[in-house]
Amino acid sequence: MTNRLAQSQSLYLRKHAENPIDWWPWCEEALLTAKKQDRPIFLSIGYSSCHWCTVMEGEAFSNQAIAEYMNANFLPIKLDREERPDIDSIYMLALQMMTGQGGWPLNIFLTPDDLVPFYGGTYFPLEPRYGRPGFLQLLQSIRRFYDLEKGKLNTFKEDILGYLQQAAVLPESEQLGDDLLFIGGQVSVGVVNALNPGPRFPMIPYASMALRVTRFDWASEYNPEQACAKRGLDLAKGGIYDHVAGGFHRYTVDPTWTVPHFEKMLYDNGQIMEYLVDLWSAGIQEAAFKRAIAGTVQWLKREMTAPEGFFYAAQDADNFATPADTEPEEGAFYVWSYSELEQLLTPSELKAIEEEFTLTKEGNFEGKNVLQRRYPDQFSQNTEAALAKLFEARYGAKPNLLETFPPAKTNQEAKTRNWLGRIPPVTDTKMIVAWNSLMISGLGRGYSVFHEPDYWQLATVAAQFILNNQWVAGRFHRLNYDGQPAVLAQSEDYALFIKALLDLHQASLSVEHASPVKQPWPKGHATQTTVERSNLLPTNLQPTNLQPTNRQPTNLSPASWLEKAIKVQEEFDELLWSVDNGGYYNAATDPSDQLLVHERSYTDNATPSANGVAIANLVRLALLTEDLRYLDRAEQALKAFSSVLNTSPQSCPSIFTALDWYRNCTLIRAGADQLTSLICGYFPVSVYQLDTHLPDSVIGLVCQGLSCKPAATNTDQLLAQVRTSQTRA
């Protein structure tokens, strides 16, 4: 018998539809029912590809005794954090205050009259273990506390609510000291260099900020270039990357970047792609980077792109090894026993991958092997041939013959479809604007540097889908389920989509189908030219007979992409800008009546903070439109978050990135040939405009902030001006 979640659009909620718990979705009726019946709310937050969310669903939430007690004594609400990150943010902050840590599943108990949290945790086992209480015993204790300890409960609630309100109102400060960029860069490099034990996450906002400061002489004392190159190599060589079929997993459970949590999230892949392209454009050019970029795009095309052109959200960490299995296994789709490798590969191929990867007969994950590269160099033909055979064993087709691989949308579909290879993990096929935008930006940057037409096609078709489908009654919407927009857009959707549109505007200035372009200055230790398309794809991912797609790239002019960014920015400013305090609220006021506080988030998590991205967008818009009201707004927002920059620099690398834009912003006007060369380089605080009306003797004009340098009459002069403009603060 199903519960209320069976009709939900969310895959995560539908996964709990067969639970005996009488789940409610987050809605006004549920909150009113809890208040009327004086039942504490059990709010459980997670997402579809979360491994421990899946574990708890199969254990505690499927247990009849727990369900009976829960249904009689609590009002249980299930929430998909990917639908409502604004709600998740508030209660995650509360959990971190209570316990000193967070994560998903996020399970928290709220009083029904005011929704204030009073107890919380993450994964709760069915029986006592891992130093955690059994879930039924926990529920009984919490209900007793709620009924019998009203005094303590109210005192605790006051403390929690006071903390949340204080966190939402930042101290007033206008100190943006000259040393802030130095502090922010040093902190970000330290985060990237950290050697603490435990799991490893990409943490791209920190890596990107660290890469930015490589251009400053004052940063050389802590060697940011080495830290950035190492982070790129850890990602491109490690088990976090799927060397057989492309795409990055979410994180590794160890400090050596070996064994991942196997879910693949679109937001990670978009950010990592942009970062690796930036490393390449900065002259840090490794064959492993080039292969990982191309492989990720092939994975995106094959498994993560909807027929309509948008990108799916995520793939699960777990999959069924056989159709008879009752529960999926973590990572079964991706790992290899040594005996399998011996059966699939010739002796020379096995020897080749043993030389290239850290393989053992014992394995590195539950008796099997996660592939991790030893070296960043280009693979041998034998290695590529071996990886192609592993691809075929996994997918049931040769890589150069498999254009698309249909998603398994549910566990039932995964188990019952006649797969030619292994049973794949479930794919969450919803469209999330913010995550699509991160991938659009990565693809746009990739096109600017490599001039690969597929990158442009994928990026522009996805952007056009959002422009065509995500506005309802004049309001931007965050999600799309099977053609139906849902949930009003939040600040990260606005900020990241505006960034994506600006990135497409810049990429559209590149010469389409350009031949290899020499990098504009010598830096790094590898070849300084971009590569032709035939050399960009890994051998085992070369498409030899792909049919033309019916998704055509959108040939909008550069001015059109900019116009669309301006229109979205107008709506963003109208609905989410804090007139009194500066910065952008997480969500508009109209859907936030049920929230405890109205947050203006500034911290970077798995994705960059909306306010950091938004402030950088404002600076870029000021340069491209010559409308200084954007720059005024950027300054006001930076002052709003100045206390955070000064007191918690480790929390907000994206705000520091915005500060870098504000202090060093540069506009470059030039002809097509000059722009093509410049855009493929790494000038991280520059925006470009195509100018076909420069005097015959002038090749470019560099404007730094509110003043312009003398018109450049030759390439050396132009490059010198661009370089110095990048580091003037």
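In this text the structure is predicted, and so the values were computed from the model without any measurement.

A word on the overall build of the protein. Along the protein, the regular secondary structure elements total 27 helices and 20 strands. Each of the three principal axes of the protein carries a C-alpha extent, and together these read 85 × 70 × 50 Å. Counting all 729 residues of the protein, 61% fall into the buried class. Contacts in the protein between residues far apart in sequence, at least 24 positions, make up 69% of those at least 6 positions apart. With an accessible surface of roughly 27700 Å², the protein has 49% of that area assigned to carbon and sulfur atoms. Counting 61 positive and 84 negative side-chain charges, the protein places the centres of these two groups 2 Å from one another.

To describe a pair of aromatic rings, you give the distance between the ring centres and the angle between the ring planes. Tallied over the entire structure, the rule returns 41 aromatic pairs. Look at tyrosine 447 and tryptophan 456: their rings are 5.2 Å apart centre to centre, the planes differ by 35 degrees, and that puts the pair in the tilted class. The buried category is assigned to tyrosine 447, whose relative accessible area is 3%. On the basis of relative accessible area, tryptophan 456 is assigned to the buried category, the value being 6%. Through a chain of ring-to-ring contacts, three or more aromatic side chains come together here, namely Trp23, Phe42, Phe61, Tyr69, Phe74, Phe109, Phe118, Tyr119, Phe124, Phe135, Phe145 and Tyr146. Here the guanidinium or amino end of arginine 81 rests over the ring plane of tryptophan 104, the centre of that ring lying 3.9 Å away. Here arginine 633 stacks its cationic end above the ring of tryptophan 577, 4.5 Å away from the centre of that ring.

Another point: empty space enclosed by the protein. Going through the model one piece at a time under the given rule, you end up with five cavities of 30 Å³ or more. Considering only enclosed or pocket space, the largest cavity measures out at about 780 Å³ in volume. If you go around the largest cavity, you meet 37 residues; those closest to its centre are Arg212, Glu274, Asp278, Lys499 and Asp503. Those elements that provide at least two residues to the lining of the largest cavity are helix 9 (204-212), helix 11 (266-281), helix 17 (433-450), helix 19 (491-507), helix 22 (610-625), helix 25 (653-664) and strand 18 (686-690). Two domains share the lining of the largest cavity, each providing at least three of its residues, namely domain 2 (192-304 + 314-427) and domain 3 (429-515 + 560-661). In this structure, the second largest cavity is lined by Gly239, Tyr241, Asp242, His243, Val244, His249, Phe262, Tyr334, Trp336, Val370, Leu371 and Arg394. Here the residues of the lining of the second largest cavity sort into seven nonpolar, three polar and two charged.

Attention shifts here to helix 7 (residues 150-168). Since one α-helical turn is 3.6 residues long, residues separated by three or four positions face the same way. Between its first and last C-alpha, helix 7 extends 27 Å over 19 residues, near the 27 Å set by a 1.5 Å rise per residue. Where helix 7 is buried, its residues meet helix 5 (85-99), strand 5 (117-121) and helix 6 (135-148).

What follows is about the pattern of salt bridges. Counting across every chain of the model gives 34 salt bridges. A salt bridge links aspartate 503 to arginine 620; the nearest nitrogen and oxygen atoms lie 2.9 Å apart. With aspartate 503 in helix 19 and arginine 620 in helix 22, this pair connects stretches of sequence that are 117 residues apart. Per residue, the accessibility class of aspartate 503 equals that of arginine 620, and both read buried. Across the pair lysine 639 and glutamate 635 runs a salt bridge, and its minimum N-O distance is 3.8 Å. Note that lysine 639 and glutamate 635 are positioned in helix 23 (residues 628-640) at a spacing of four residues, about one turn of the helix. On the accessibility criterion, lysine 639 (26% relative accessible area) is partly exposed. One salt-bridge network, in which partners are shared between bridges, spans Asp80, Glu82, Asp428 and Lys430.

Let's shift gears to the state of the cysteines. In total, this model carries two disulfides according to the counting rule given. Linked covalently through their sulfurs, cysteine 50 and cysteine 53 form a disulfide whose S-S length is 2.4 Å. Measuring the twist about the S-S bond at about 80 degrees, one finds the cysteine 50-cysteine 53 disulfide to be right-handed. Cysteine 53 matches cysteine 50 in its accessibility class, with the two residues each being buried. A sulfur-sulfur distance of 2.0 Å marks the disulfide that ties cysteine 703 to cysteine 708. Judged by the torsion about the S-S bond (90 degrees), the cysteine 703/cysteine 708 disulfide is right-handed. Assessed through its relative accessible area of 8%, cysteine 703 is described here as buried. Residue classification places cysteine 708 among the partly exposed residues on the basis of a relative accessible area of 48%. Counting only the cysteines that form disulfides, in the order they appear in the protein, gives the pairing 1-2, 3-4.

One broad rule of soluble globular proteins: the nonpolar side chains tend to lie buried together. Counting 160 residues, the largest nonpolar core has Phe135 and Leu443 as its most contacted members. Counting residues per element, this core draws most heavily on helix 22, which supplies eleven residues. Once residues within four sequence positions are removed from consideration, phenylalanine 135 is found in contact with Phe42, Met56, Ala60, Phe61, Ile66, Met70, Phe124, Pro125 and Leu126. In terms of nonpolar packing, the next biggest core, distinct from the first, is built from 35 residues, Val244, Trp336, Leu350 and Val426 among them.

Our focus in this paragraph is the domain arrangement of the protein. One can read the domain layout of the protein as domain 1 (4-168), domain 2 (192-304 + 314-427) and domain 3 (429-515 + 560-661). Distance from the C-alpha centre of domain 2 to the C-alpha centre of domain 3: 28 Å. Taken residue by residue, the interface counts 27 residues in domain 2 and 30 residues in domain 3. Roughly 2500 Å² is buried in total at the junction of domain 2 and domain 3, and carbon and sulfur atoms are behind 68% of that figure. Between domain 2 and domain 3 we count five salt bridges in total. Measuring nitrogen to oxygen at the nearest pair gives 2.8 Å for the salt bridge that ties arginine 212 to aspartate 660. Counting every contact that joins domain 2 to domain 3 gives nine residue pairs in polar contact (both at pLDDT 80 or more).

When the UniProt feature table is mapped to this numbering, "domain: Spermatogenesis-associated protein 20-like TRX" (unreviewed entry) covers residues 2-164. Regarding residues 2-164, the helix share stands at 47% and the strand share at 15%, and the terminal C-alpha atoms are separated by 36 Å.

The end-to-end C-alpha separation of helix 15 (residues 381-395) is 21 Å, in line with the 21 Å expected for 15 residues at 1.5 Å each. Within the sequence span of helix 15, burial applies to Thr383, Glu384, Ala386, Leu387, Ala388, Leu390, Phe391, Arg394 and Tyr395. Buried residues along helix 15 sit against helix 12 (287-303), helix 13 (338-344) and helix 14 (347-356). Looking one or two residues beyond helix 15, the residue adopting positive phi is glycine 396, at roughly 80 degrees.

Another aspect to go through is the environment of proline 260. Counting through the fold element by element, proline 260 comes out in strand 7 (residues 260-261). Residue proline 260 is classed as buried on the basis of its relative accessible area, which comes to 1%. For the pair proline 260 and proline 407, spaced 147 residues apart in sequence, the C-alpha to C-alpha distance is 21 Å. Those residues in contact with proline 260 that lie beyond four places of it in its chain are Gly239, Ile240, His249, Tyr251, Thr252, Glu330 and Val370.

A word on the sheet that holds strand 8 (residues 264-265). One open sheet accounts for three strands, arranged 8-9-12; its pairing is antiparallel. Each having just a single partner strand, strand 8 and strand 12 (427-428) make up the two edges of the open sheet. Sheet topology places strand 8 next to strand 9 (residues 314-315); two bridges connect them, and they run antiparallel. Paired with lysine 264 across the bridge in strand 9 is glutamine 315.

Cut-offs used in this document
- Residues numbered from 1 in each chain as written.
- Predicted model: local features only at pLDDT ≥ 70, side-chain atom pairs only at ≥ 80, totals over all residues.
- Heavy atoms only, no water.
- Helix = DSSP H or I, 4+ residues; strand = E, 2+ residues; numbered from the N terminus.
- Buried < 20%, exposed > 50% of the residue type's maximum accessible area, 1.4 Å probe, protein only.
- Contact = heavy atoms within 4.5 Å.
- Areas by Shrake-Rupley, 256 points an atom, 1.4 Å probe, with all protein chains shown as cover.
- Lys, Arg positive; Asp, Glu negative; His and termini not counted.
- Charge placed at Lys NZ, Arg CZ, Asp CG, Glu CD.
- Phe/Tyr/Trp six-rings, centres within 6.5 Å; stacked < 30°, edge-to-face > 60°.
- Lys NZ or Arg CZ within 6 Å of the ring centre and 35° of its normal.
- 1 Å grid on protein atoms, 1.4 Å probe; cavity = no way out; pocket = protein on both sides within 12 Å on 5 of 7 lines; lining within 4 Å.
- Points joined across faces, edges and corners; volume = space filled by probe spheres on them.
- Domains from an automatic or database assignment.
- Nonpolar A, V, L, I, M, F, W, Y, C, P; charged D, E, K, R; others polar.
- Expected span 1.5 Å × (residues − 1).
- Salt bridge = Lys/Arg side-chain N within 4 Å of Asp/Glu carboxyl O.
- Disulfide = S-S within 2.5 Å.
- Core = buried A, V, L, I, M, F, W, Y, C linked by side-chain atoms within 4.5 Å.
- Buried area = accessible area lost by both parts, 1.4 Å probe.
- Polar contact = N/O pair within 3.5 Å; in protein donor to acceptor, adjacent residues only side chain to side chain.
- UniProt positions renumbered as here; feature names shortened; annotations may be inferred.
- Pairing = 2+ DSSP bridges.

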